[in-house]
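Examination of the molecular architecture
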Amino acid sequence: MKKIILIFPLLFFICAAIAQNSSSKEDSTYICPPCDNSCDQEVYSEPGICSQCNMALVKRELPKTIAFYLQDGVEVLDFAGPLEVFSYAGYEVYTVSKNRQPIKSQGVLTITPDYSIDDAPQADILAFFGGNASSAYEDENIINWIRQQQGVQYYFSVCTGAFILAQAGILDGKIATTFHDALPDLEAAYPAIDVRKNVRFVDNGNIITTAGISAGIDGALHLVAKLKGFEAAKRTAYYMEYDNWEVGNGLILSDDDPYPKQISYKKLQEYEGEYEYINNSSLLIFASELDTTLYALIDGAKYPLNYMDTNKFTDIQGKPVIFQRDKKSKVKSYKTEGKTFAFLNDDFDRSIVYPRKELYGIPDSYAYQVPKDLNDGLSVGNLETTFDNSQPIIEMVKETIMGHYPDVHSILIHKNDKLVLEEYFYGYDKNTPHQLRSATKPFIGGVLGIAIDKGFIKSEDDRLLPYFNSRYQEIANMDDRKKDITIENFLRYRHGMDCENNNPESEGYELKMMQSEDWVKHTLDLPMVKEPGQTSSYCTGCPLTLGSLVEITTEKNIEDFAEKNLFEPLGISNYDWTFEPNQKSINMFSQMYITPRDLIKLAKLYKDGGKWKGNQIISEEWVNKTFDTEEGDYGYGWEHKYFIIDGKRYNSYLATGNGGQKINIWPELDMITVFTGGNYNSYALYGKSTPPNEMIPKYILKALE
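Residues numbered from 1 in each chain as written. Predicted model: local features only at pLDDT ≥ 70, side-chain atom pairs only at ≥ 80, totals over all residues. Heavy atoms only, no water.

Looking now at the overall build of the protein. Secondary structure summary: the protein contains 21 helices and 34 strands in total. Projected onto the principal axes, the alpha-carbon positions of the protein cover approximately 85 × 70 × 60 Å. Taking contacts inside the protein between residues at least 6 apart in sequence as the whole, the part at least 24 apart equals 64%. Carbon and sulfur atoms make up 44% of the accessible area of the protein, which amounts to about 29600 Å² in all. Charge-centre separation for the protein: the mean point of 70 positive side chains lies 4 Å from the mean point of 100 negative side chains. (Helix = DSSP H or I, 4+ residues; strand = E, 2+ residues; numbered from the N terminus. Contact = heavy atoms within 4.5 Å. Areas by Shrake-Rupley, 256 points an atom, 1.4 Å probe, with all protein chains shown as cover. Lys, Arg positive; Asp, Glu negative; His and termini not counted. Charge placed at Lys NZ, Arg CZ, Asp CG, Glu CD.)

This is the structure:
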């Protein structure tokens, strides 16, 4: 089979972070997604397919103003959850009461409304909440105000807020719900309403009523999904760290159900195969039986395609992906953004689909085996004699085999100076170098330490900028604070610059850096926002700059310097690394590809004070400084990560990368754990963290008790 090549910047499956606002919808009008054709300017009154490019039409952006009516005694949790949902989703939320006098929520929280019913601006969405709701629905002034709102497009209620809508006649002839204890009262008082029990929310199209508290959050996320798309709602749940969203668990009566329709696994298999892609490359599309989802596989990363209708899917940006068939109804190509890509073949290794195909559905057939002794410098041992209770770890492997922790590619445990667990999944094995993503960065710090040990750099206390004088004639936003930045400030991410990796408003935002021609220059040009050395702010530009510093001072490519002084002494040869912090590296991000066993070696080097087989590779002083960090902060590239279980604290030092790359060193436990995985952009796509964050405390640390 041909190698699947990643051309990342142009992928229609590109990182969800780039597409946070790209799949929004709009009221009453439909447009063709941008495809660089004249139809980009066309506007339609109904959904359908563009007559020129055959792309599925999408709705434009819906209105963004939401008025929360709050009465005295309103239940704080009823409105606080939806408030957070709508705020994170980008809507303008304001509060309204009968007058502007402060109100008490449950007699505790004092709230000063933004408006009264006499001066409130027109809202696109009106929301009502439980807690002394009778003070609102028994007040004719309030009910008349609701009836007079002519421009409202959506009504939303939580708990007994439904009584307010009912009194205004909004729910007449509709199906609705409310807090379970109030259901009989709503049904008795308003016979024109079909009151439903045992549902979390009811969606009548432009009216959504919900049960209490958490159902209100679910209903609000549902409304966001209707207005901005399912992916936007998932991102909102992620930002809120709301892990309990029961997606679509309500009575949806409207035609604009925002959730993907159902399709059988057998039907999805019709789309499987290798397809043409841009620049003479190709990508693989395959169906997963585990979650009945179609995926595009690109450089080991899976990107879901959401099923919309026969032959119609959307990518993670919400852009249509339309499959085309020949006269015999066999899939012959797919079309996206006005371009057509042909089907090539259906010959691919199905081991990528299952964690362990031979054990899928029968995890109890798994039998633990001691890792093989490969004479690679790692001693091996028995898990069952190393841990007092190895059963949780065995259970973890079985759960992974069942697909309960999807896209975990490897799990390795090294304890008491022996490799005691080595498991691979989804077609990966001990000989497969795995991409590290940002887990590369701490090892750049180690290479820098070697350069200092060998005298190429005097000290990490040196000021950073003078080393770049020969490369850059001028650095922007220069001031005394920037002049004082030291190498150590960059090692600990205490740079003082406007650089927050995941903040789109930051000048150092990673995607802004990647769009620049020279990523190091972009980083050094960033404006200062505080004194260096004060607080840490994770910034990709820092390790890239330090890698360039190694090249400047050693007059060698960092890859060559690392090969001679780090990798060769450890017997590491099966790896790949191209360090180019500029546009040439936009496909590979200057990341390392290393086998999991070799990651154990690198971590062991740190755990053992910089020694490997009696040879001092990195100075012990450097390693000690690496682990000398404040709680939860960064040392020399490594992050202090700890877990507290049943009151006991477990400390580790972590190298972590997107997708679930986790290398943890546990000095107090004489243990190293390594996970590799393919859960790229997990929060953005699925609204949850990568599996190792759950698996480590739930299984591995439990086995130590």
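Applying the stated rule across the entire model yields 33 salt bridges. In this structure, Arg-196 engages Asp-194 in a salt bridge whose closest nitrogen and oxygen atoms are separated by 3.0 Å. A salt bridge links Asp-633 to Arg-494, with the nearest nitrogen and oxygen atoms 3.1 Å apart. Here Asp-633 is found in the loop between helix H19 (620-626) and strand S31 (639-645), whereas its partner Arg-494 is found in the loop between helix H13 (487-491) and helix H14 (510-515), with 139 residues between them in sequence. Residues Asp-633 and Arg-494 agree in their burial class; the two are buried. In the salt-bridge network here, residues are joined through shared partners; they are Asp-417, Lys-604, Lys-607, Asp-608 and Asp-670. (Salt bridge = Lys/Arg side-chain N within 4 Å of Asp/Glu carboxyl O. Buried < 20%, exposed > 50% of the residue type's maximum accessible area, 1.4 Å probe, protein only.)

All right, on to the state of the cysteines then. Tallying each qualifying case throughout the model produces one disulfide. Between Cys-499 and Cys-539 runs a disulfide, and the two sulfur atoms are separated by 2.1 Å. Across the disulfide from Cys-499 to Cys-539, rotation about the S-S bond amounts to roughly 80°, and the bridge is consequently right-handed. In this pair, Cys-499 sits in the loop between H13 and H14 while Cys-539 sits in the loop between helix H15 (519-524) and helix H16 (541-554), placing the two residues 40 residues apart along the sequence. Cys-499 sits in the buried class, given a relative accessible area of 1%. Judged by relative accessible area, which is 1%, Cys-539 ranks as buried. Between Cys-542, a free cysteine, and Cys-539, which holds the nearest cysteine sulfur, the sulfur-to-sulfur gap is 4.1 Å. (Disulfide = S-S within 2.5 Å.)

Our focus in this paragraph is helix H11 (residues 441-453). Along an α-helix, residues three or four apart share an orientation, since each turn contains 3.6 residues. With 13 residues, H11 extends 19 Å between its outermost C-alpha atoms, agreeing within 8% with the 18 Å of an ideal straight helix rising 1.5 Å per residue. Taken across its 13 residues, H11 has twelve buried, putting it largely inside the fold. Downstream of H11 by one or two residues, Gly-455 has phi in the positive range, about 90°. (Expected span 1.5 Å × (residues − 1).)

Turning to the side chain of Ser-282, a few remarks are in order. Residue position: Ser-282 is located in strand S17 (residues 282-288). The buried category is assigned to Ser-282, whose relative accessible area is 4%. Polar side-chain contacts of Ser-282 include one of 2.7 Å to the side chain of Glu-274. (Polar contact = N/O pair within 3.5 Å; in protein donor to acceptor, adjacent residues only side chain to side chain.)

The strand order around the closed barrel formed by eight strands is S16-S17-S18-S19-S20-S21-S22-S23, and the pairing between neighbours is antiparallel. Looking at each pair of strands side by side, their axes are set apart by 35° on average, direction ignored. Pairing between S17 and strand S18 (residues 293-298): five bridges, direction antiparallel. In the sheet register, Phe-286 faces S18, and the bridge partner there is Tyr-295. (Pairing = 2+ DSSP bridges. Axes fitted to C-alpha atoms, helices over the stretch in contact; angles between N-to-C directions.)

In this section: helix H17 (residues 558-567). H17 sits mainly inside the fold: seven of its ten residues count as buried. Turning to H17, its buried residues number three or more, namely Ile-558, Glu-559, Phe-561, Ala-562, Asn-565, Leu-566 and Phe-567. Along the axis of H17, the buried positions cluster into a sector of 155°, meaning they face one direction only. Each element contacted by the buried residues of H17 is listed here: H11, H16, strand S27 (575-577), strand S28 (592-594) and helix H18 (596-607). (Arc of directions from axis to C-beta.)

The next thing to look at is the sheet that holds strand S25 (residues 418-424). Strands pair in a sheet through their backbones, by hydrogen bonds, and they do so in one of two ways: parallel or antiparallel. Spatially, S25-S24-S34-S33-S32-S31 is the arrangement adopted by the six strands of the open sheet, whose pairing is antiparallel. Of all the strands in the sheet, just S25 and S31 have a single pairing partner and so form its edges. Across the sheet, the axes of successive neighbouring strands diverge by a mean angle of 20°, strand direction being ignored. Those strands touched by H18 are strand S24 (408-415), S25, strand S33 (661-666) and strand S34 (671-677), and its axis lies near 145° from that of S34. Contacting S24, S31, S33 and S34, helix H21 (residues 692-700) crosses the sheet at an angle of about 145° to S34.

As for its position among the elements, Lys-357 is in the loop between strand S23 (339-345) and helix H9 (383-386). Sequence separation of Lys-357 and Ile-401 is 44 residues, and the distance between their C-alpha atoms is 8.4 Å.

A few words on the pairing of strand S19 (residues 301-309). In terms of residue burial, S19 counts as a mostly covered element, since seven of its nine residues are buried. Where S18 and S19 come together, five bridges link them in antiparallel fashion. Bridging across to S19, Leu-294 finds its partner in Leu-305. Hairpin remark: S18 followed by S19, antiparallel, with two residues in the connecting loop; positive phi at Asp-299, about 50°. Here S19 runs beside strand S20 (residues 312-314); their pairing, made up of three bridges, is antiparallel.

The phi angle at Asn-132 is positive, at roughly 55°, despite the residue not being glycine. With respect to the helices and strands, the residue Asn-132 is situated in the loop between strand S9 (125-128) and helix H2 (134-137). Given the relative accessible area of 39%, Asn-132 is considered partly exposed.

Residue position: Asp-628 is located in the loop between H19 and S31. Overall, Asp-628 belongs to the exposed group, its relative accessible area being 52%. Here the alpha-carbon distance between Asp-628 and Lys-330, two residues 298 residues apart in the chain, equals 61 Å.

Attention now moves to the pairing of S23. With two bridges connecting them, strand S16 (residues 273-276) and S23 associate as antiparallel partners. By the bridge assignment, Tyr-275 is partnered in S23 with Phe-343. The turn joining strand S22 (residues 331-336) and S23, which pair antiparallel and follow one another in sequence, is formed by two residues; a positive phi near 50° is taken by Glu-337.

Once that is clear, we can look at the confidence of the model for the protein. Model confidence for the protein is summarised by a mean pLDDT of 90, while 90% of its residues fall at 70 or above. Scored below 50 in pLDDT, residues 1-28 shows 96 contacts in the model against residues more than four places distant or in partner chains. (pLDDT = per-residue confidence, 0-100.)

Let's shift gears to the packing of aromatic side chains. Counted by the stated rule, this structure contains 39 aromatic pairs. Both rings, one in Tyr-69 and one in Phe-128, keep their centres 6.1 Å apart while their planes meet at 35°; by these two values the pair is tilted. With Tyr-69 in strand S4 (residues 65-69) and Phe-128 in strand S9, this pair connects stretches of sequence that are 59 residues apart. When its relative accessible area of 3% is taken as the criterion, Tyr-69 is described as buried. Both rings, one in Phe-163 and one in Tyr-190, keep their centres 6.3 Å apart while their planes meet at 70°; by these two values the pair is edge-to-face. Residue Phe-163 is found in helix H4 (residues 161-167), and its partner Tyr-190 is found in the loop between helix H5 (183-189) and strand S12 (194-195); the two are separated by 27 residues along the sequence. (Phe/Tyr/Trp six-rings, centres within 6.5 Å; stacked < 30°, edge-to-face > 60°.)

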